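Structural overview
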Amino acid sequence: MTFQKRLSVVLFAGWLGMWSPMDRPAHAEGLVPSDITIDDDALFVIGNTLFTLYHELGHALVDLLDLPVIGREEDAVDGFAAVTMIPETPDEVRDALIVAVADGWRVQGDLADDGGERAYWGEHALDEQRHYAIVCLMVGSDQDGFYDYALDAGLPEERIETCSEDFQLMRDSWERLLAPYEQPPHKAETVLGAPITVIFDEPMEQQVRLFDLIRRDGLLEAGVDRFAKRFVLPAPVTIRFAPCNDANAYWSPWEREITICYELIDEYDAILTEGMIR
Ligand SMILES: [Zn+2]
């Protein structure tokens, strides 16, 4: 076992509860509800699925609101998903969900090292870079609360010191871009814009277990509901969870539809299993 791989196992300890956000007492308001409990076996898959969902909703916002993007759109919407999921104040459930996301990218990077393709020319940053970018935003949001986690993840101290600037720039940029489309707080219980519809297509037989797992706590639907009540969308959006013979998720501009393939969620589950057995 290489040091890098051992580190992944250590990081997995995070969402198993062996890493605890001790200095971050729980309470916060945000797009990800905190007034729910998630079973340990669902945390990793739900966290990564939620990140994918907000990443694709980021693409939808860029498209529907005709937002300017400077730099790679993939980096920008990763940033949107991260600042959406990182709680403003410490929160046990939401801290664990973003830790699951960061750990997920780390392991995907390790798997790429084991023979996967490294697409330097790709639209996306490399998995390891996506991992470090999220860890940097986490520690940038809370230097004390995520310091040890960031250090364990391999982020050098001198980089940790600059991460609060990364976090503030990412959060403030999205807030300024989205401010004209925010619902007024006193209307926060109503959807003022076009609605978002969530559809769960029938899963394949081998996907039924994960299908039940991602639905049993209602977190994905609750996260979408909060999103729909936060921003006034100019057109209806559909989010479709579906079998599609591909471990993928994407925004289709013409249909104004986000597709999240059950195969991708299955891959998160497989990553979890792979990580556990190393
Ligand atoms: Zn994307």
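The present account deals with the structure reproduced in this document.

Calculation rules
- Residues numbered from 1 in each chain as written.
- Predicted model: local features only at pLDDT ≥ 70, side-chain atom pairs only at ≥ 80, totals over all residues.
- Heavy atoms only, no water.
- Disulfide = S-S within 2.5 Å.
- Helix = DSSP H or I, 4+ residues; strand = E, 2+ residues; numbered from the N terminus.
- Expected span 1.5 Å × (residues − 1).
- Buried < 20%, exposed > 50% of the residue type's maximum accessible area, 1.4 Å probe, protein only.
- Donors = N, O, S within 2.8 Å, 3.2 Å for Na, K, Ca; no water.
- Tetrahedral: all angles 85-135°; square planar, octahedral: opposite > 155°, others 65-115°.
- Phe/Tyr/Trp six-rings, centres within 6.5 Å; stacked < 30°, edge-to-face > 60°.
- Lys NZ or Arg CZ within 6 Å of the ring centre and 35° of its normal.

Where two cysteines share a covalent bond between their sulfur atoms, that bond is called a disulfide. Enumeration over the complete set of coordinates arrives at 2 disulfides. Covalent S-S linkage joins C136 and C163, the inter-sulfur distance amounting to 2.0 Å. On the S-S bond that ties C136 to C163, the torsion sits near -110°, and the link is left-handed. In this pair, C136 is assigned in helix α5 (residues 127–141) and C163 in helix α7 (residues 157–178), connecting sequence segments 27 residues apart. Covalently, C244 is tied to C261 through a disulfide, its sulfur atoms 1.9 Å apart.

Take α5 next. In an α-helix, one turn spans 3.6 residues; hence positions three or four apart end up facing the same way. With 15 residues, α5 extends 21 Å from end C-alpha to end C-alpha; this agrees with the ideal 21 Å at 1.5 Å per step. Every buried residue of α5 is listed here: E128, R130, H131, I134, V135, C136, L137, M138, V139 and G140.

This part takes up the coordination of the zinc ion. Protein-derived coordination of the zinc ion comes from H55 (NE2), H59 (NE2), E74 (OE) and E74 (OE), at a distance range of 2.1 to 2.7 Å. Coordination at the zinc ion comes from 4 donor atoms whose angles at the metal span 52 to 138°, giving a geometry best classed as irregular. Expressed as a motif, the donor residue spacing for the zinc ion is H-x3-H-x14-E. With H55 and H59 both in helix α2 (residues 40–64), this residue pair falls 4 residues apart, about one helical turn. Take H55: its relative accessible area is 5%, and that puts it in the buried class.

A few words now on the packing of aromatic side chains. Here the structure, examined in full by the defined rule, presents 6 aromatic pairs. With a centroid separation of 6.4 Å and an interplanar angle of 90°, the aromatic rings of F80 and F227 are classed as edge-to-face. Taken as a pair, F80 in helix α3 (residues 73–85) and F227 in helix α9 (residues 219–230) lie far apart in primary sequence, 147 residues in all. There is no split in this pair, since F80 and F227 are both buried. Each member of the aromatic cluster is reached from another via a ring pair, and the members are F80, W174, F227 and F231. Positioned above the aromatic ring of F200, the side-chain terminus of R215 is 4.0 Å from the ring centre.

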